Amino acid sequence: MKYGVNEHGYYGDFGGAYIPEMLYPNVEELRQQYTQILNDPGFKAEFEQLLRDYVGRPSPLYPAKRYSEKYGANIFFKREDLNHTGSHKINNAVGQILLARRLGKKRIIAETGAGQHGVATATVCALMGIECVVYMGEVDMERQAPNVSRMKMLGAKVVPATSGSKTLKDATNEAMRDWINNPVDTHYIIGSVVGPYPYPEMVAQFQSIISLETKKQLLEHTGNELPQYVMACVGGGSNAMGMFYHFLDNESVKLIAVEAAGQGVESGHSAATTFLGREGVLHGSRTILMQTDDGQVVEPYSISAGLDYPGIGPQHAHLYKVQRAKYVNITDDEALQAGLLCSQLEGIIPAIETAHALAYLEKMTFKMDDNVVICISGRGDKDLNTYIKYFNF
Ligand SMILES: *Cc1c(COP(=O)(O)O)cnc(C)c1O
C-alpha cells in the first residue's frame with residue numbers, strides 16, 4: 001500500500017515509537033505480535049462475529065435525499081452513529097479487547113476525552129469480564145458527566161487526571177504512567193490512530209471496516225464502488241482513517257479531513273492542527289502538533305470534546321504532507337449550525353464532532369452526478385446539553 005506503514009513503523013516522515021525506555025517491553029510485545037494475531041483466521045472470525053452480532057454491523061450507507069437536493073450532489077451518510085454505544089469507537093474497542101485476550105492480559109486501561117472511547121472500552125470489558133480502568137481529565141469529567149456515569153454503571157473505574165489542563169492529553173499521560181507500572185498484566189487500549197507504532201496502524205486496521213463496507217454499499221447504490229469525495233472529521237483521526245483506508249490507493253477519490261477551528265484559527269482557541277501545527281513528537285509518535293516555539297504543547301480548544309486534541313495521527317500527518325488528503329477546518333458556530341440542519345433535514349441529530357464534517361459541505365461546489373460519502377462518526381445524544389444551550393431550546 002502506497003500510503004501504508006513501512007517496516008520501521010513510519011508513514012513517510014511520521015510515526016515511529018518515541019517512548020520512554022520503561023515502556024519498550026510493552027510496545028515491543030505488541031509490535032511483534034499484532035500482525036500475526038490480526039491475520040489469524042480465528043481472530044478474524046471472532047472480530048467479524050462481534051461486529052455483526054454485538055456492534056450491529058454493517059452500518060447502513062444512507063442516501064441522504066434532502067441533503068443531496070440542498071447541495072446538488074448524491075450525498076451518502078455512513079451511519080457509524082447507529083453502532084452500539086453510538087459511535088465508530090466500538091469497532092476499535094472490540095478489536096483491541098480480542099487482541100488483549102490473545103496476549104493473555106488481565107486488565108485494561110484507557111484514556112478518554114469526550115468519554116466515548118471510555119464508554120466503548122468499558123463496554124467491551126464488561127462483555128469479556130475484564131477489569132477496566134479509564135483515565136479522564138477532571139474538566140472533561142464535568143463536561144461529559146453522563147458518560148462518566150455510563151462507564152461506572154458498566155463496571156469501570158474512572159480515574160480523574162488532575163494535572164495540566166485536566167483534559168485528554170493529561171489523561172493520556174496518566175494512562176501511559178499506569179502502563180509503565182503494570183507492564184505484564186495490562187493492555188492499554190488507545191482510542192484513536194495515535195500513539196507509538198503499532199497503535200496507529202492497529203487502530204486504522206480495526207476501523208477500516210468502515211471503508212470496506214462503504215465500497216460494497218456504494219457499488220449497490222451507484223454501480224461504482226468509488227465516490228468522487230469522502231469526508232470525515234478529525235480529532236486524532238480514527239473515524240477518518242477508517243473512512244479513507246480502502247480508498248487511499250484510488251487516487252481519483254478526493255479525501256477531505258475536517259478539523260475543529262474552535263472559535264477561529266487565529267483566536268487562540270482552536271484545535272486546527274494542520275493549520276496551526278508543526279512537526280514534532282506527541283504521545284509516542286512523530287507527527288504534526290500544535291506547539292509553542294520552544295516545543296511546548298499548545299492547549300487545544302473545540303466545543304466538541306472529541307476533537308480538542310493538539311495533534312493528529314502520524315498517517316494523517318503523512319497524507320497532509322504529500323497532499324493525498326485535504327485538511328480543512330470548521331468553527332464551533334459553523335458546526336453547531338450544521339448539527340441543527342442535519343437534525344431538521346434528515347431527522348438525524350449528529351455528534352458535534354460529526355457536525356464539523358457536515359458543515360464543510362457549505363464550502364464545497366459539486367457537479368450534479370458527484371457521489372459524496374460523509375462519515376457520520378457518532379450520534380448527538382451526548383451533546384444535547386451543548387445544543388440546547390446554544391440554540392436556547
Ligand atoms: C472520538 C470521536 C471523534 C474523534 O476521534 P477520531 O479518532 O478523530 O475519529 C469523532 N466523532 C465522534 C462521534 C467521536 O466520538
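Residues numbered from 1 in each chain as written. Predicted model: local features only at pLDDT ≥ 70, side-chain atom pairs only at ≥ 80, totals over all residues. Heavy atoms only, no water.

### Here's the deal with the pattern of salt bridges
Applying the stated rule across the entire model yields 25 salt bridges. K105 is the partner of E29 in a salt bridge, and the nearest nitrogen-oxygen pair spans 2.9 Å. Of this pair, E29 sits in helix α1 (residues 24-39) while K105 sits in the loop between α4 (89-102) and β5 (107-112), and the two are 76 residues apart along the sequence. Note on E29: relative accessible area 25%, which makes it partly exposed. According to the relative accessible area criterion, K105 is buried, its value standing at 8%. (Salt bridge = Lys/Arg side-chain N within 4 Å of Asp/Glu carboxyl O. Helix = DSSP H or I, 4+ residues; strand = E, 2+ residues; numbered from the N terminus. Buried < 20%, exposed > 50% of the residue type's maximum accessible area, 1.4 Å probe, protein only.)

### Notes on the site of the ligand
Of all residues adjacent to the ligand, which total 17 residues, the nearest are K89, S192, G235, G237 and S238. In the model, an oxygen atom of the ligand is placed 2.6 Å from a nitrogen or oxygen of the K89 side chain. G235 places a main-chain nitrogen or oxygen 2.7 Å from an oxygen atom of the ligand. A class-by-class count of the residues in the shell around the ligand yields four nonpolar, 11 polar and two charged. The residue makeup of the shell around the ligand includes at least three contributed by each of domain 1 (18-51 + 89-194) and domain 2 (58-86 + 204-391). (Near = heavy atom within 4 Å. Polar contact = N/O pair within 3.5 Å; in protein donor to acceptor, adjacent residues only side chain to side chain. Nonpolar A, V, L, I, M, F, W, Y, C, P; charged D, E, K, R; others polar. Domains from an automatic or database assignment.)

### With respect to unusual backbone geometry
Note that the residue after R57, namely P58, is joined by a cis bond; omega there is 0 degrees. If you trace the backbone, P58 turns up in the loop between α2 (41-55) and β3 (61-63). Omega for the peptide link from Y197 to P198 comes to 15 degrees, which places this bond in the cis form. With phi around 60 degrees, K166 is a residue other than glycine that occupies positive phi space. Tracing the chain through its elements places K166 in the loop between β7 (157-161) and α8 (168-181). If you check the backbone angles, Q323 has positive phi at about 60 degrees while not being a glycine. Position of Q323 relative to the elements: it lies in the loop between α13 (314-321) and β13 (325-331). For Q323, a relative accessible area of 68% gives the class exposed.

### Quick word on the domain arrangement of the protein
Along its sequence, the protein is carved into domain 1 (18-51 + 89-194) and domain 2 (58-86 + 204-391). Taken together, both faces of the contact between domain 1 and domain 2 bury some 2,600 Å²; the carbon and sulfur share is 63%. Counting the surface domain 1 buries against domain 2, the share from its top three residues, Y18, K169 and V193, is 25%. Summed over the shared surface of domain 1 and domain 2, the number is two salt bridges. For the interface between domain 1 and domain 2, the tally reads seven residue pairs in polar contact (both at pLDDT 80 or more). Residue assignment for the side of domain 1 that touches domain 2 shows that the elements contributing at least two residues are α1, α2, α4, α5 (116-128) and α8. (Buried area = accessible area lost by both parts, 1.4 Å probe.)

### Concerning the nonpolar core
Of all hydrophobic cores here, the largest spans 88 residues; its most connected members are I97, M243 and F244. Tallying contributions element by element places α4 first for this core, with seven residues. Among the domains, domain 1 (18-51 + 89-194) and domain 2 (58-86 + 204-391) are the pair contributing at least three residues each to this core. When near neighbours in sequence (up to four residues on either side) are disregarded, F244 contacts S211, V230, L255, I256, A257, H316, L319 and A325. By size, the runner-up hydrophobic cluster in this structure holds 36 residues, among which are M231, A335, L345 and I352. (Core = buried A, V, L, I, M, F, W, Y, C linked by side-chain atoms within 4.5 Å. Contact = heavy atoms within 4.5 Å.)

### A look at the sheet that holds β5
Strand order in the open sheet made by the four strands is β7-β6-β5-β8, with parallel pairing throughout. Taken across any chain shown, the strands that pair with only one partner, and hence form the sheet edges, are β7 and β8 (186-189). When strand polarity is set aside, the average angle formed by the axes of neighbouring strands in this sheet is 25 degrees. For β5 and strand β6 (residues 131-137), the ladder comprises six bridges, and the chain directions are parallel. Across the sheet, the residue bridging to I109 is V133, located in β6. (Pairing = 2+ DSSP bridges. Axes fitted to C-alpha atoms, helices over the stretch in contact; angles between N-to-C directions.)

### Notes on the packing of aromatic side chains
Under the counting rule described, the total for this entry stands at 14 aromatic pairs. When the centroid spacing of 6.1 Å and the interplanar angle of 70 degrees are considered together, the rings of W179 and Y199 count as edge-to-face. Placement of the pair is W179 in helix α8 and Y199 in helix α9 (residues 199-207), with a sequence separation of 20 residues. Each member of the pair, W179 together with Y199, is buried. Each residue in the set Y62, Y67, Y71 and F77 is aromatic and connected to the rest through ring pairs, giving one cluster. We note K70 situated over the ring of Y71; from NZ or CZ to the ring centre the distance is 5.4 Å. Against the face of Y229 rests K254, its NZ or CZ located 4.9 Å from the ring centre. (Phe/Tyr/Trp six-rings, centres within 6.5 Å; stacked < 30°, edge-to-face > 60°. Lys NZ or Arg CZ within 6 Å of the ring centre and 35° of its normal.)

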